[in-house]
Amino acid sequence: MSYWQPVLRYDTLIFDLGGVLMKHNMQGCINSFVDLLGEDKVRHALGLGSDGEGATDSLMIRYEQGLVSTDEFINAIMEEAKPGTTRQDVINAWLSMHDHIPEERLQYVRMLRNQGYRTVLLSNNNDLHWHDVMSKYPVSECFDRFFLSHEMHLSKPDPCMFIQIAEVLDTAPERTVFIDDLEQNRIAAEQTVGWHTCADIEELKQMLISSDR
């Protein structure tokens, strides 16, 4: 017996992690590094500004792109840190950037995957943060593919990153939705590979509801 299944207007959903699935505690992270380094050294040592954004060639961006190892990242910060600072202090400060992933968001992504959508995670990430995510959340149950900046040695909004991912996924751009909270990333994806984009899960829900009508 065969069953009719609806044809999905979109078939590939590409999710950002921080800001879309995971809630960030950027100010808490900055405050933690101020405690370790002093306020005047935070931008110099880490490249992390008060707005949470990193300079283009900052230590944070190089770590995010996998161009420095975790040991190199920690050692570079410790060189600027106050006396008595330990490696674990640096790790704890860095991990404080993560708040949590609400369970209902993971449930929603898992539901979409079960409904036949290909679900993909695309994140500007790093070794410490990614291991923290993997140890706490069942992300492998929610996504078919992972594209991580520290493994690709590229980060959003670099057009090369979107081009490489589009080639690997081999999906029609008109059937692909990219969900990212940062406008510059959405614009780059739209202009480079022609994906549809939206800013958050609530906007995605409306897009998917509209596409079913």
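Residues numbered from 1 in each chain as written. Predicted model: local features only at pLDDT ≥ 70, side-chain atom pairs only at ≥ 80, totals over all residues. Heavy atoms only, no water.

A short note on the confidence of the model for the chain
Across the chain, the average pLDDT comes to 90, with 91% of residues at or above 70. Under a pLDDT of 50 for its full length, residues 1-5 has, in the predicted model, zero contacts with residues more than four places off or in other chains. Contacts for the low-pLDDT stretch residues 50-55, under 50 throughout, to residues beyond four places or in other chains number 14 contacts. (pLDDT = per-residue confidence, 0-100. Contact = heavy atoms within 4.5 Å.)

Quick notes on the packing of helix H1 (residues 26-37) against helix H5 (residues 87-95)
Put simply, H1 and H5 touch, their axes get as near as 8 Å, and they point 155° apart. Classified by the angle their axes make, H1 and H5 are roughly antiparallel. Contact residues: H1 offers Cys29, Ser32, Phe33 and Leu36, while H5 offers Asp89, Val90, Ala93 and Trp94. Along the lines of polarity and charge, the residues of the contact of H1 with H5 split into six nonpolar, one polar and one charged. (Axes fitted to C-alpha atoms, helices over the stretch in contact; angles between N-to-C directions. Helix = DSSP H or I, 4+ residues; strand = E, 2+ residues; numbered from the N terminus. Parallel < 35°, antiparallel > 145°, perpendicular 65-115°, else oblique. Nonpolar A, V, L, I, M, F, W, Y, C, P; charged D, E, K, R; others polar.)

Some details on the sheet that holds strand E5 (residues 145-148)
What the five strands build is an open sheet, ordered E5-E4-E1-E6-E7; its pairing is parallel. The open sheet terminates on both sides in strands that have one partner only, identified here as E5 and strand E7 (196-198). Neighbour-to-neighbour, the strand axes of the sheet open up by a mean angle of 20°, direction not taken into account. Strand direction decides the pairing type here: strand E4 (residues 118-123) and E5, joined by four bridges, are parallel. Directly across from Val120, in E5, lies its bridge partner Arg145. Against the sheet, helix H9 (residues 159-169) engages strand E1 (12-15), E4, E5 and strand E6 (176-179), with an angle of about 160° to E5. (Pairing = 2+ DSSP bridges.)

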